[in-house]
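One letter stands for each residue in the lines below.
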Amino acid sequence: MLDGAEGEAVRRALAYQLEVGRFFGAEEFVEITNAHMMGDIEVLGDTGLAFLKEMRDLGARARIPITTNARCIDFAWAERLGQDATECGKEREVIATLADMNILTTDTCINYQTLYQPHLNERVAWGDTGTCIYANSVFGARTNFESGPAAMASAITGRTPAYGFQLDRLRIGSFIVDISGAALVDLADWGALGKIVGEGHQSYYAVPVFTGFRRPPLADELKQLGCALASYGSMGMFHMVGVTPQARTVEEAFGGAVSSAVERMVIDDAGIAAVYRRFSLGGGDAKLVVFSGPQLSLFEMKTLSELFAGRKVARGTSCFVTTSNGVISAARKLGYMQPLEDAGVAVLEGVCFYILQNLSPMREKNGWQNMVSNSAKIVNIIGAHRFNTILRRTAECVEIACTGQLA
Amino acid sequence: MSAPLLTIALSRAFGPVVEGEAVVSDEGFSPRYDLDRWTGLISKPGHKLEGTNIRDKICFFPTAKGGIAAGWAFNDIKGKGIAPKAFIFGVTNPVMVQGAVLAGIVISEGWSPDPRNVLRTGDWVRVDPARLVVELLRRAA
């Protein structure tokens, strides 16, 4: 490949991967079966779009299945949201260019719930971080955080450098988190748990081992936990004893006997409650409630549909939900969309709220100061757009949306 | 060339030799969470460097935060002319490296001694990735 026999695009992709692998001391490449990439105009910019076009024109083509992450524009909503027509045009160019390279523009950050579930030890190249931590932890598959250019290069060459979570030795636990004292009754509680653990251990290589769950967690709960760990702690993997496949016992999670010196955290209901208390209410406004980051599963859509049934989003308040094309399609078929739409909830397709093109001007135009959400990830990640963010449980978020008052 | 005032050893690094003004942060960094990618200003409310512009700077961050965006975002800010000259991390994550390599921005991980103890924002430093060192050339005025 490096000699250009498979074309210039393959040569460039592999040369790039070699440089990244060299940084991490990777000794070999490993073949992968699936890739997932971020690529939208908000993060690509004109430079990134030009890069994609150049690679396409050089003959770049994915040789394994690769899907795309949430993007920054839902074209059906762009005008209503005041998004820039020029950028919308560029986003269409991004989508067309990716499609030309045999990339499936699925536009979802919950591929692990809706598109592809790799098996134990299957090697993939996934980003965003929420997809990565879910693949490593819940499926026992192997991936590093593979950003847009890295995942794309992996799909073009069919391989990735073997470092980080591709290696056995970095997949073992580094500290214990006892959650037996936490009821964790809402999705937001699982995010709050991830916030506490992630903030206290900001390292890609820190692998928490959770013990003592009170009931088997649901996929959506593990999704919120993983996204929060990845967001607050930049973590790529966790174990949960009795839940995740490489942690049938604590010893297995640690790859052998557990040292008595290993750090042990205890997180209980009081700790979770303290997370909520620490969010400042800012100016006290409740003009924006967001269910997004990550996109919602069908089950989350059902819950929200029931909570919003017969109610209306308060005048002066905006409420957004984001999910994938597939989930929206199923939700409509099952009757979950109508109550949301009747309530005035904006259900956006194929996007995530925090990456919406033009978000900062949108915030200013609408006078949004506070953003309320049940996602611990999004309340962390949206900071550069200068929102004051508030984490609340799901039903409380619905109540705030419908009353326009901070509960 | 005069002898450096002090030297910081790096564990791994990528890119060419660069020289510039140091920005030393006590807090981690993500281009998605913290940076206004149209001006180069650290814009997250409450970030310890809020209001600081990282353009052409040698940035020292103890950790990487988040996030997959850096893969494209570093190339984007390079294209916009607002990129720093180098990212020097205590602990980084692969996304930062993937992004910096694509953009051709110097990046490193691992340091000794901790620059937060020996450097100040405004100091003039040189990064030599091949030799795995950061050298202090002169103190901030």
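Residues numbered from 1 in each chain as written. Chains lettered and ligands numbered in written order. Predicted model: local features only at pLDDT ≥ 70, side-chain atom pairs only at ≥ 80, totals over all residues. Heavy atoms only, no water.

1. Comments concerning the packing of aromatic side chains
Link 1 in the chain: Enumeration according to the criterion identifies 18 aromatic pairs over all chains in this entry.
Link 2 in the chain: Their ring planes at 25° and their centres at 4.2 Å tell us that Tyr112(A) and Tyr134(A) sit as a pair that is stacked. Residue Tyr112(A) is located in helix H4 (residues 111-114), and its partner Tyr134(A) is located in helix H5 (residues 129-139); the two are separated by 22 residues in the primary sequence.
Link 3 in the chain: Among the aromatic residues, those joined into a ring-pair cluster are Phe29(B), Phe61(B), Phe74(B), Phe87(B) and Phe89(B). (Phe/Tyr/Trp six-rings, centres within 6.5 Å; stacked < 30°, edge-to-face > 60°. Helix = DSSP H or I, 4+ residues; strand = E, 2+ residues; numbered from the N terminus.)

2. Brief notes about the interface of chain B and chain A
Link 1 in the chain: At the junction of the two partners, chain B supplies 39 residues and chain A supplies 41 residues.
Link 2 in the chain: In total, about 3,300 Å² of surface goes out of reach between chain B and chain A, with carbon and sulfur atoms giving 65% of it.
Link 3 in the chain: It is Arg32(B), Ile68(B) and Trp72(B) in chain B that bury the most area against chain A; as a group they hold 26% of the surface buried on that side.
Link 4 in the chain: Inspection of the chain B/chain A interface yields two salt bridges.
Link 5 in the chain: Across the salt bridge formed by Glu50(B) and Arg386(A), the nearest N and O atoms sit 3.0 Å from each other. (Contact = heavy atoms within 4.5 Å. Buried area = accessible area lost by both parts, 1.4 Å probe. Salt bridge = Lys/Arg side-chain N within 4 Å of Asp/Glu carboxyl O.)

3. A look at the pattern of salt bridges
Link 1 in the chain: Taken as a whole and assessed by the stated rule, the structure comprises 35 salt bridges over all chains.
Link 2 in the chain: One salt bridge in this structure joins Arg311(A) and Glu399(A), with 2.9 Å as the shortest N-O distance. Highlighted residues: Arg311(A) in the loop between helix H11 (298-308) and strand S11 (318-323) and Glu399(A) in helix H16 (residues 394-403), separated in sequence by 88 residues.
Link 3 in the chain: Given the relative accessible area of 34%, Glu399(A) is considered partly exposed.
Link 4 in the chain: One network of salt bridges, in which partners are shared, links Glu19(B), Arg126(B), Asp128(B), Arg131(B) and Glu135(B). (Buried < 20%, exposed > 50% of the residue type's maximum accessible area, 1.4 Å probe, protein only.)

4. As for the environment of Phe51(A)
Link 1 in the chain: Mapped onto the secondary structure, Phe51(A) falls in helix H2 (residues 41-57).
Link 2 in the chain: In sequence terms Phe51(A) and Ile95(A) are 44 residues apart; their C-alpha atoms lie 14 Å from each other.
Link 3 in the chain: Discounting residues that sit within four places of it in the chain, Phe51(A) has contacts with Met152(A), Trp72(B) and Leu102(B).

5. Overview of the pairing of strand S7 (residues 208-211) of chain A
Residue and element names in this part refer to chain A.
Link 1 in the chain: A two-sided burial pattern is seen for S7, the buried positions comprising Pro-208 and Phe-210 on one face and Val-209 and Thr-211 on the other.
Link 2 in the chain: Looking at chain direction, strand S6 (residues 175-178) and S7 are connected through four bridges and run parallel. Across the sheet, Asp-178 pairs through a bridge with Thr-211, a residue of S7.
Link 3 in the chain: This β-α-β element, S6 to helix H7 (residues 187-200) to S7, shows right-handed connectivity.
Link 4 in the chain: Once you follow S7 into helix H8 (residues 219-233) and on to strand S8 (residues 239-240), the crossover reads as right-handed. (Pairing = 2+ DSSP bridges. Right-handed = clockwise from strand over helix to strand, strands pointing away.)

6. Examining the side chain of Thr394(A)
All names here are of chain A.
Link 1 in the chain: Relative to the helices and strands, Thr-394 resides in helix H16.
Link 2 in the chain: The class for Thr-394 is buried, based on a relative accessible area of 9%.
Link 3 in the chain: The residues touching Thr-394, leaving out its near neighbours within four places in the chain, are Asp-186, Leu-187, Phe-291, Leu-304, Leu-307 and Asn-374.

7. Digging into the sheet that holds strand S10 (residues 288-296) of chain A
All names here are of chain A.
Link 1 in the chain: Spatially, the five strands line up as an open sheet ordered S12-S11-S10-S13-S14, and their pairing is parallel. One side of each edge strand has no neighbouring strand; the edge strands of this open sheet are strand S12 (346-349) and strand S14 (388-391). Averaged over all pairs of adjacent strands, the angle between strand axes in this sheet comes to 25°, irrespective of strand direction.
Link 2 in the chain: Sheet topology note: the strand S13 (residues 370-373)/S14 ladder contains four bridges and is parallel. Within the sheet, the bridge partner assigned to Val-372 lies in S14 and is Ile-390.
Link 3 in the chain: Of the strands in this sheet, S10, S11 and S12 touch H11, which is tilted by about 160° from S10.
Link 4 in the chain: Across the face of the sheet, H16 comes into contact with S10, S11 and S13 while running at roughly 140° to S10. (Axes fitted to C-alpha atoms, helices over the stretch in contact; angles between N-to-C directions.)

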